[in-house]
Amino acid sequence: MPTILGQNQYGKAENRVVKITRDGATHHIKDLNVSVALSGDMEEVHYSGSNAHVLPTDTTKNTVFAFAKEHGIESAEQFGIHLARHFVTSQEPIHRARIRIEEYAWERIETSDANSRFIGADEVKHSFVRKGQETRLTQITYDGSSWEVISGLKDLTVMNSTNSEFWGYVKDRYTTLKEAYDRILATSVSGRWRFNWTDDEQKMPNWEKSYEQVRKHMLQAFAETYSLSLQQTLYQMGARVINHRSEIDEVRFSLPNSHHFLVDLEPFGLKNDNEVYFAADRPYGLIEGTVLRDGCEPKIPVDLTNL
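As the structure is a computational prediction, the values presented were derived from the model and not from experiment.

How do you make sense of the sheet that holds strand E9 (residues 248-257) when you look at a structure like this?
Two modes of strand pairing occur in sheets, parallel and antiparallel, and in both the strands are linked by backbone hydrogen bonds. The antiparallel open sheet is built from 8 strands, whose spatial order is E1-E2-E3-E6-E7-E8-E9-E12. In this open sheet, the two edge strands, each paired with only one partner strand, are strand E1 (15-23) and strand E12 (285-292). Neighbouring strand axes in the sheet, compared pairwise and without regard to direction, differ in orientation by 20° on average. Here strand E8 (residues 185-195) runs beside E9; their pairing, made up of 6 bridges, is antiparallel. Across the sheet, residue Arg194 finds its bridge partner in E9, namely Glu250. Strands in contact with helix H3 (residues 76-90) are strand E2 (26-40), strand E3 (94-103), strand E6 (135-142) and strand E7 (147-160); relative to E3, the strand with the most contacts, it is inclined by about 160°. Most of the contacts of helix H5 (residues 230-244) go to E9, to which it runs at about 155°, and overall it touches E8, E9 and E12.

Right, dumping it as structure tokens:
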């Protein structure tokens, strides 16, 4: 045979599942986008078309919805773990399962007080608004014996209006950028972090608390770092997470530098004293890097668009 089969996987992508938990009049919502990818003993279906080892992708879709009912959705990570374990342990031909999940956060709508002529806040506990722009992410991989959990977020837009400089850089004949000693620093954070929980003998992290704490330390580092470069800020964000969260060994960021340029107002007889800026959406500098716990090897892919 002049050709052989290489890496392959299959599954059902982007299953949108919304789980409403009704605690009396108080409701809770989990909104996930779940993608399942399975691999294993799948040579024959590619060579001859035999589906004897193939679990239909429609079945994987149904499993996602059934598990939302049977197991609930405590967290994106825990839900992904239930799914990955099920596919690997229930189907002999399947040797590896990868579950990718995006979670869309909601918060309760603040309503009028009980003295209002409208329905009072004490009576409305079932109305929500999408929270912010960020999307929570997780990828669960299981091969029957070991786990890899990589979580993260994307589209978390942040800005420092001062305490940022950029100067002392290399200059050549094509350099026109002026040195900045007080600039806006803004970015849309895309980050991933890898947990050191890898087997069932270890104590499982509290996934919800971990996400909240990682996000908090990341934002605090961004706000509290007097930045001489976005690279410096990236490192401080990763280091803060590693130093405060023992369950995490690796953090990787992709940070577009959302440039803000002072607008020339002199043609209008006006002085722009670091007040009015043009926000350029492209082209943009793209700063990427990984921060590791000492002694650990990097495992998060360099290209986050594939995770």
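Read on, since the account is not over.
What should I look at first to understand the nonpolar core in this one?
As a rule of thumb, nonpolar side chains are buried together in soluble globular proteins. Counting residues in hydrophobic clusters, the biggest one holds 52 residues, and the most contacted among them are Val34, Phe79, Ile99, Val189, Trp193 and Met218. Ranked by residue count, the leading element in this core is H3, at 7 residues. Beyond its immediate stretch of four places on either side in the chain, Val189 contacts Leu153, Lys154, Asp155, Leu156, Val158, Met218, Met237, Phe253, Ser254 and Leu255.

Can you walk me through H5 in this structure?
Each turn of an α-helix holds 3.6 residues, which means side chains three or four residues apart point in the same direction. In this model, H5 (15 residues) spans 21 Å end to end at C-alpha, consistent with the 21 Å of a helix rising 1.5 Å per residue. Restricting attention to buried positions, one finds in H5 the residues Leu230, Thr233, Leu234, Met237, Gly238, Ala239, Val241 and Ile242.

Looking at this structure, I do not really get the layout of surface pockets. What am I missing?
A water-sized probe rolled over the atoms picks out the places where empty space is left. Taken as a whole, the largest pocket holds about 790 Å³ of empty space. What lines the largest pocket is a set of 26 residues, among which Leu177, Lys178, Ala180, His260 and Phe261 lie closest to the centre. The dominant element in the lining of the largest pocket, judged by the number of residues it contributes, is strand E10 (residues 260-262), at 3 residues.

When you look at the pattern of salt bridges in this model, what are you seeing that I'm missing?
Two side chains of opposite charge can pair, provided their charged atoms sit close to one another. If you walk through the whole model with that rule in mind, you get 16 salt bridges. Across the salt bridge formed by Glu77 and Arg136, the nearest N and O atoms sit 2.8 Å from each other. Within this pair, whereas Glu77 is found in helix H3, its partner Arg136 is found in strand E6, the two being separated by 59 residues in sequence. The exposure class of Glu77 is buried, given its relative accessible area of 1%. You can call Arg136 buried: its relative accessible area is 7%.

Please clarify how the pairing of E8 should be interpreted in this entry.
Residues in a regular strand point their side chains to alternate faces of the sheet. Within E8, 10 of the 11 residues are buried, which leaves it mostly tucked inside the rest of the structure. As paired elements, E7 and E8 share 9 bridges and run antiparallel to each other. Bridging from a neighbouring strand, Leu153 pairs with Gly191 of E8.

Definitions and limits used
Residues numbered from 1 in each chain as written. Predicted model: local features only at pLDDT ≥ 70, side-chain atom pairs only at ≥ 80, totals over all residues. Heavy atoms only, no water. Pairing = 2+ DSSP bridges. Helix = DSSP H or I, 4+ residues; strand = E, 2+ residues; numbered from the N terminus. Axes fitted to C-alpha atoms, helices over the stretch in contact; angles between N-to-C directions. Contact = heavy atoms within 4.5 Å. Core = buried A, V, L, I, M, F, W, Y, C linked by side-chain atoms within 4.5 Å. Buried < 20%, exposed > 50% of the residue type's maximum accessible area, 1.4 Å probe, protein only. Expected span 1.5 Å × (residues − 1). 1 Å grid on protein atoms, 1.4 Å probe; cavity = no way out; pocket = protein on both sides within 12 Å on 5 of 7 lines; lining within 4 Å. Points joined across faces, edges and corners; volume = space filled by probe spheres on them. Salt bridge = Lys/Arg side-chain N within 4 Å of Asp/Glu carboxyl O.

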